[in-house]
Amino acid sequence: MPTTLAWSDEYSVNNAAIDEQHKYLFDLCNTLYKLVEQTETGESVKQALLGLQDYIEIHFNAEEKLYKEHPMFADHQELHQDFVKQTNGYIADYNNGTLRLIELADFTRDWLVNHITVIDGQYFRDIAKSE
Ligand SMILES: [Fe+2]
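Note that the coordinates shown come from a computational prediction; the quantities given were computed from them, not determined experimentally.

Calculation criteria
- Residues numbered from 1 in each chain as written.
- Predicted model: local features only at pLDDT ≥ 70, side-chain atom pairs only at ≥ 80, totals over all residues.
- Heavy atoms only, no water.
- Helix = DSSP H or I, 4+ residues; strand = E, 2+ residues; numbered from the N terminus.
- Contact = heavy atoms within 4.5 Å.
- Expected span 1.5 Å × (residues − 1).
- Buried < 20%, exposed > 50% of the residue type's maximum accessible area, 1.4 Å probe, protein only.
- Polar contact = N/O pair within 3.5 Å; in protein donor to acceptor, adjacent residues only side chain to side chain.
- Donors = N, O, S within 2.8 Å, 3.2 Å for Na, K, Ca; no water.

Draft legend 1. How the structure looks around the environment of His22. Positionally, His22 belongs in helix 1 (residues 16–37). In this structure the C-alpha to C-alpha distance between His22 and Val113, which are 91 residues apart in sequence, comes to 9.6 Å. In this view, His22 contacts Trp7, Val13, His59, Glu63, Ile116 and Asp120; residues no more than four positions away in its chain are not counted.

If you want it as structure tokens, here you go:
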């Protein structure tokens, strides 16, 4: 049974706009689990993966604008770029039939939870302190 993501305050970075975007990323990830459950393989999966790729891009751009002045901005940007590369690779593997959708969903879920609570949390705390 897949474990989907439920939003709670522990994920908040104390920025309402970014929290909303993170919630939407959770929704997109949960959609992948729903498709796994429904054993979907066709167009709906393709659309969900394209939607996820698009929104990750939009979200990272929005987030990076907010901590441009952070002394470790480049490190955070690199983590985002690595995730984009990994996700693109996994999507290609899924399309080639060498990766199951649930593996892609698990990877996305685990990365999001870890990144939001550890990295984003820290950066937004640092920004709040320096303001
Ligand atoms: Fe981030």
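This is not the end of the story, as more comes after the structure.
Draft legend 2. View of helix 1. A rise of 1.5 Å per residue sets the reference length of helix 1, with its 22 residues, at 32 Å; its end C-alpha atoms lie 31 Å apart and thus fit the reference within 8%. Three or more residues of helix 1 are buried, namely Ile18, Asp19, Gln21, His22, Leu25, Phe26, Leu28, Cys29, Asn30, Leu32, Tyr33 and Leu35. Backbone nitrogen of Ala17 and a side-chain oxygen of the N-cap are separated by 3.1 Å at the start of helix 1; the cap is Asn15. Two residues or fewer after helix 1 comes Thr39, characterised by a positive phi angle close to 50 degrees.

Draft legend 3. Up close: the coordination of the iron ion. Binding of the iron ion to the protein goes through Glu63 (OE), His76 (NE2), His80 (NE2), His115 (NE2) and Asp120 (OD), at separations of 2.1 to 2.3 Å. Each donor residue of the iron ion belongs to the same chain, and together they define the spacing E-x12-H-x3-H-x34-H-x4-D. Of this pair, His76 sits in helix 3 (residues 73–96) while His115 sits in helix 4 (residues 101–130); the two residues are 39 residues apart in sequence, bridging distant segments of the chain. The exposure classification of His76 matches that of His115, with both residues buried.

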